[in-house]
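# Close look at the chain arrangement
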2 protein chains.
Amino acid sequence: MTITGNQFIGAREMRGQEAPFHGVDPSTGEQLAPAFSGAGKAEVALACALAAQAFGDYRHTTLEQRAAFLERIAHNILELGDALIENAMRESGLPRARLEGERGRTVGQLRLFSALVRSGEWQGIRHDPALPERKPLPRSDLRLRHIGIGPVAVFGASNFPLAFSVAGGDTASALAAGCPVVLKAHPAHPATSELVGRAVRQAVADCALHEGVFSMLAGASIELGGALVADPRIKAVGFTGSRGGGMALMRIAASRPEPIPVFAEMSSINPMFLLPAALAARAESIGQGFVASLTMGSGQFCTNPGLVLAIDGPGFDAFMAAASNAVQAAPASTMLTPAIHGIYTAQTEKLARHGALRQIARGQPAQGPHQCQAALMLVESHDFLADPVWHNEVFGASSVVVRCPDLATVEQVLGHLEGQLTATLQMDEADLPLARRLLPQLEEKVGRILVNGYPTGVEVASAMVHGGPFPATSDARMTSVGTLAITRFLRPVCYQDFPDALLPGPLQDQALNA
Amino acid sequence: MTITGNQFIGAREMRGQEAPFHGVDPSTGEQLAPAFSGAGKAEVALACALAAQAFGDYRHTTLEQRAAFLERIAHNILELGDALIENAMRESGLPRARLEGERGRTVGQLRLFSALVRSGEWQGIRHDPALPERKPLPRSDLRLRHIGIGPVAVFGASNFPLAFSVAGGDTASALAAGCPVVLKAHPAHPATSELVGRAVRQAVADCALHEGVFSMLAGASIELGGALVADPRIKAVGFTGSRGGGMALMRIAASRPEPIPVFAEMSSINPMFLLPAALAARAESIGQGFVASLTMGSGQFCTNPGLVLAIDGPGFDAFMAAASNAVQAAPASTMLTPAIHGIYTAQTEKLARHGALRQIARGQPAQGPHQCQAALMLVESHDFLADPVWHNEVFGASSVVVRCPDLATVEQVLGHLEGQLTATLQMDEADLPLARRLLPQLEEKVGRILVNGYPTGVEVASAMVHGGPFPATSDARMTSVGTLAITRFLRPVCYQDFPDALLPGPLQDQALNA
């Protein structure tokens, strides 16, 4: 399968008119062939015009048509075969097993949204029958359903080149909602994006949908994403990435003549709480499990456990020893991009120079370029409370353990944290009263609370929340993973006193009484 | 019941430290006693601190406690008796029957949200049971519920001194969601606000809730609202008012260190479409019904029909004649405030001077100060398309009829309109094909579509949508009327692998299996 470096504007392929760019193999630092053309305002305008044209047709597809389309995308991705995995490995530095697993997750996600579409539940149908005899005024017949919000701009994320990228959760949920997608490919994996983009386009053609249902723009400039969010035909934005990037898109969206919602998943340090009985009972296994979660995928997960709040006492030293040993044994592994590696190195070095922080362990030294050498640090709670530097996400396998003298201090530290995607409690039966004390604050601060697990590994399911108060996301009321993610791209419409023949099918008497 | 002009900070009453102000009787232009103290940043800080303190307690109330609280507010409002109606009449210029009806609606709305709370449905509970045997990886047990987002700032609206004000839909839905409310009273009806605010506070005390569940600030300065939205403890905003006001709050909210959602209902001209068969069959009754809707409450409704798109042909002249007669017969009526009357007069005079517009009728001349003299104008579709001035809402009984030669022109005009709260089709059986052609565009542009009714009179029900694409509202995905309004103030939390004893009650096995 030849990689062309073209832009996909509906069914057309073209060269972008802006500066070309290359993928990079982070394990060598070498530029990869071919050169990718760079898209700019001209290509944004073309893609968005097509998306706006497609919206009317696409949102009127039947549940079955739309479900089949999502399944077809999944099928076409699998049809790409090993070329997809090989390109993704080369561009991301991630190992084969991880990418094969991620492909399974991506395909499973598309199928889950396909089943959701087919169920029709997402339409959120409501009916208040007329009450013609009501006094003092009769009530009209009111029927409600949800429809897609319009064309959605989706930004591919670097850290999941399949599951949060071209055909990832944002794309799947927007397409499920009936919204055309204009995808901004992440420049860190352009060949992977092109392959998946081709699979989606092929599905559009296979299902005889309007070509504007999906376009994909590639480019390395910051202006490209800004132009896409500013385009008046775009009605919502899905983004996973850095806090700076997400905030920039939020500002652009808020200053449009017609402001639009941005669903940005940005930043989280995912605190883990070690409660005394758990620590006393199984400090060693917690230390090992924690480091396995911390170092997985070079720590490049949104839900990477970057902060541990531990109550000092029996087991604390054993936990630190086990975690320290596990970190020291952790092999260095290639990070996603040279830039991400550079930032990781600078951040961990800055933390190491901090007077209040003790470096406990580093992982195995790098054997090649751009490798993440895991880092584990310790800080006393009073020092943590004195300096907000700890609140910044370090993207990569780096975690800070905060030693707290008691639960009250843990609560105090928790009170100082920003919003988070997840929090994890390591607890035993005897810790229940302590966990109960923490729970209210946790609920107000995070989107997902885990007991005796590890936050990495986000299940794509109906009850999942991958979201949380700012700055974890831009809108704590939403999730970007799981079936609830579809609500980001839906809006309600009410039909009052419609003759049955004019009502949309799902709201007609026959459908409501079925 | 003495009106004090005090600020209500939780259970405390105090004078605000900013410039005092007075209510005004718009029917005379006279200042009303007493002087109201003006709240500023100091009072905002006190009220928001209390609201933040109250949040934890309040959101943990049982369904029954919270439902009883909402009922108690309704009860206490009724207990205010005629003093409430008299103050509201004096401050708003609205007639008794209208305000008595609005009180009924306000009380009914509180009771509806009470029933919603009791049902528990708003929690949106989801459960994905653990799949320990799943390959390659087991699935954790995942349970989801929604909780309140945190303290909400609610802005009382001028045009519904009861139903969209102190204890209106925003307050009812926020309290139902478990969110404390800091209310900014509208300076146009301060005594009415104080009475209702007192009823709410009394309900807080009656139900032994944390005093911070409700505070009310009054003031005539723009800075007061800005300070409230900027306060870091406020997590969402409900607003009904002008486009300028809503946009200003959106900007403040978006530029906070932690941006928050603003649910602003701002501006709509509510197009009515007159299709040929309906016009041929019953032009006269449509003309009369339209003007009754237009002039109701001096046209001071968000859903006032400010634009009519009519297809020229049999019945058009009869419609215009009937509407003209009805407008001419319409008595002038006092508007809500001298300022609203001033803007209405300036806008209608500006339209009347427009070369392309023909003034068809004016209502009865004013018999006193600040009265709205209804206005009906006619413009040809090509002139309408040439000038965006028509798209601005004129707040008051003023409507423009656009004469269109055919349905294609109607579609073109519709394509140029901004987002709307409502659209209304006047149609008969034979108009069905035309209505079907318009429907897709209508769905994409408005929140509620009516057939053979009139847009004023918004039912508070489960299938109501009082929302719509920008600038009708700031977030087309939401409604500010009806039970769905509660979703604005809720966010999901996921509980992963929780021991049953730590789960919130509604997620425990016993509750899920009930």
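This one's a predicted model, so the numbers in the text were calculated from it and none came from an experiment.

Each value, and the rule that gives it
Residues numbered from 1 in each chain as written. Chains lettered and ligands numbered in written order. Predicted model: local features only at pLDDT ≥ 70, side-chain atom pairs only at ≥ 80, totals over all residues. pLDDT = per-residue confidence, 0-100. Pairing = 2+ DSSP bridges. Helix = DSSP H or I, 4+ residues; strand = E, 2+ residues; numbered from the N terminus. Axes fitted to C-alpha atoms, helices over the stretch in contact; angles between N-to-C directions. Contact = placed C-beta atoms within 7 Å. Least-squares fit on C-alpha atoms with pLDDT ≥ 70 in both. Core = buried A, V, L, I, M, F, W, Y, C linked by C-beta atoms within 7 Å. Buried ≥ 20, exposed ≤ 12 C-beta atoms within 10 Å, placed from the backbone. Nonpolar A, V, L, I, M, F, W, Y, C, P; charged D, E, K, R; others polar. Right-handed = clockwise from strand over helix to strand, strands pointing away. Expected span 1.5 Å × (residues − 1). Bend = angle between axes of the 7 residues up to and from the residue. Parallel < 35°, antiparallel > 145°, perpendicular 65-115°, else oblique. Left-handed = near helix turned anticlockwise from the far one by under 90°.

## Side note on the confidence of the model for chain A
Counting all residues, the mean pLDDT for chain A is 97, and 100% of those residues have values of 70 or more. This complex was scored by the predictor with a pTM of 0.98 and an ipTM of 0.98.

## Things to note about the sheet that holds strand β15 (residues 307–311) of chain B
Within the open sheet, the 10 strands sit side by side as β7(A)-β8(A)-β23(A)-β22(B)-β21(B)-β14(B)-β15(B)-β20(B)-β19(B)-β17(B). Their pairing is mixed. Strands at the two margins of the open sheet, each flanked by one partner only, are β7 (126–128) of chain A together with β17 (357–362) of chain B. Strand after strand, the sheet turns through a mean of 20° between neighbouring axes, direction not considered. With seven bridges joining them, strand β8 (residues 142–148) of chain A and strand β23 (residues 490–496) of chain A adopt antiparallel strand pairing. What sits directly across from Arg143(A), in β23(A), is Tyr495(A). Strands in contact with helix α10 (residues 316–329) of chain B are β14 (271–274), β15, β17, β19 (375–380) and β20 (398–404) of chain B; relative to β17(B), the strand with the most contacts, it is inclined by about 50°.

## Remarks on the relation of the copies chain A and chain B
Least-squares fitting of chain A to chain B yields an RMSD of 0.0 Å, with the superposition described by an axial translation of 0.0 Å and a rotation of 180°. Both copies of the chain, as the preceding transformation shows, are related through a two-fold rotation axis. Identified as the residue of chain A closest to the rotation axis by C-alpha distance is Ala254(A), at 3.4 Å. An overlap of 100% is found between the interface residues of chain A and their copies at the interface of chain B, pointing to a shared contact surface.

## Brief notes about the nonpolar core
In terms of nonpolar packing, the biggest core is built from 352 residues, with Leu70(A), Val237(A), Leu274(A), Leu70(B), Val237(B) and Leu274(B) touching the most fellow members. Setting aside its immediate chain neighbours within four residues, Leu274(B) contacts Leu279(B), Ile286(B), Val308(B), Ala310(B), Ile311(B), Phe319(B) and Gln426(B).

## A closer look at the interface of chain A and chain B
Chain A puts 54 residues into the contact, and the matching count from chain B is 54 residues. Secondary-structure elements contributing two or more residues to the side of chain A that touches chain B are β7, β8, α8 (243–254), α14 (432–445), β22 (446–451) and β23 of chain A. By residue number, the principal contributor to the side of chain A that touches chain B is β23(A), which donates seven residues. Of the residues assigned to the side of chain A that touches chain B, the class counts are 31 nonpolar, 10 polar and 13 charged.

## Focus: the pairing of strand β11 (residues 214–217) of chain B
Residues and elements named next belong to chain B. Judged by which residues are buried, β11 turns out to be covered on both faces: Phe 214 and Met 216 on one side and Ser 215 and Leu 217 on the other are all buried. As paired elements, strand β10 (residues 181–184) and β11 share four bridges and run parallel to each other. Across the sheet, residue Leu 183 finds its bridge partner in β11, namely Met 216.

## Some words on the sheet that holds strand β7 (residues 126–128) of chain B
As summarised here, the arrangement of the 10 strands in space is β17(A)-β19(A)-β20(A)-β15(A)-β14(A)-β21(A)-β22(A)-β23(B)-β8(B)-β7(B), forming an open sheet in which the pairing is mixed. Each having just a single partner strand, β17 (357–362) of chain A together with β7 of chain B make up the two edges of the open sheet. Within the sheet, the average angular offset between the axes of one strand and its neighbour, ignoring direction, is 20°.

## Focus on the pairing of strand β21 (residues 420–426) of chain A
Both faces of the sheet carry side chains from a regular strand, because those side chains alternate between them. Residues and elements named next belong to chain A. Most of β21 sits out of view: seven of its seven residues are buried. For strand β14 (residues 271–274) and β21, the ladder comprises three bridges, and the chain directions are parallel. What sits directly across from Met 272, in β21, is Thr 424. Pairing of β21 with β22 involves five bridges; the strand directions are parallel. In the sheet register, Gln 420 faces β22, and the bridge partner there is Val 446. For the handedness criterion, the β-α-β arrangement of β21, α14 and β22 is classed as right-handed.

## As for α14(A)
All names here are of chain A. With 14 residues, α14 extends 20 Å from end C-alpha to end C-alpha; this agrees with the ideal 20 Å at 1.5 Å per step. Remark: the principal bend of α14, roughly 40°, maps to Leu 439, with a proline, Pro 440, within the next four residues. Buried within α14 we find Leu 434, Ala 435, Leu 438, Leu 442, Glu 443, Glu 444 and Lys 445.

## Observations regarding the environment of Asp25(A)
All names here are of chain A. Tracing the backbone through its elements, the reader meets Asp 25 in strand β4 (residues 24–25). Take Asp 25: there are 19 C-beta atoms within 10 Å of it, and that puts it in the partly exposed class. In the structure, Asp 25 is positioned 313 residues away from Pro 338 in sequence and 8.9 Å away in space, judged by C-alpha atoms. When residues no more than four places from it in sequence are discounted, the contact partners of Asp 25 are Glu 30, Leu 32 and Arg 90.

## Considerations on the packing of helix α9 (residues 276–295) of chain A against helix α10 (residues 316–329) of chain A
All names here are of chain A. Interhelical geometry of α9 versus α10 gives an angle of 20° and a closest axis separation of 8 Å. Between α9 and α10, the interaxial angle falls into the category roughly parallel. When the axes of α9 and α10 are compared, the crossing they make is right-handed. On α10, the residues touching Leu 279, Ala 283, Glu 284, Ile 286, Gly 287, Gln 288, Phe 290 and Val 291 of α9 are Phe 316, Ala 318, Phe 319, Ala 322, Ala 323, Ala 326 and Val 327. By residue class, the composition of the contact of α9 with α10 is 12 nonpolar, two polar and one charged.

## Quick look at unusual backbone geometry
Residue and element names in this part refer to chain A. The step from Ala 33 to Pro 34 runs through a cis peptide bond, and the omega angle for that step is -5°. Mapped onto the secondary structure, Pro 34 falls in the loop between β5 (30–31) and β6 (36–38). Cis geometry marks the peptide bond from Phe 470 to Pro 471; its omega dihedral reads 5°. The residue Pro 471 is located in the loop between β22 and β23 in this model. The backbone of Ser 298 shows a phi angle near 55°, a positive value even though the residue is not glycine.

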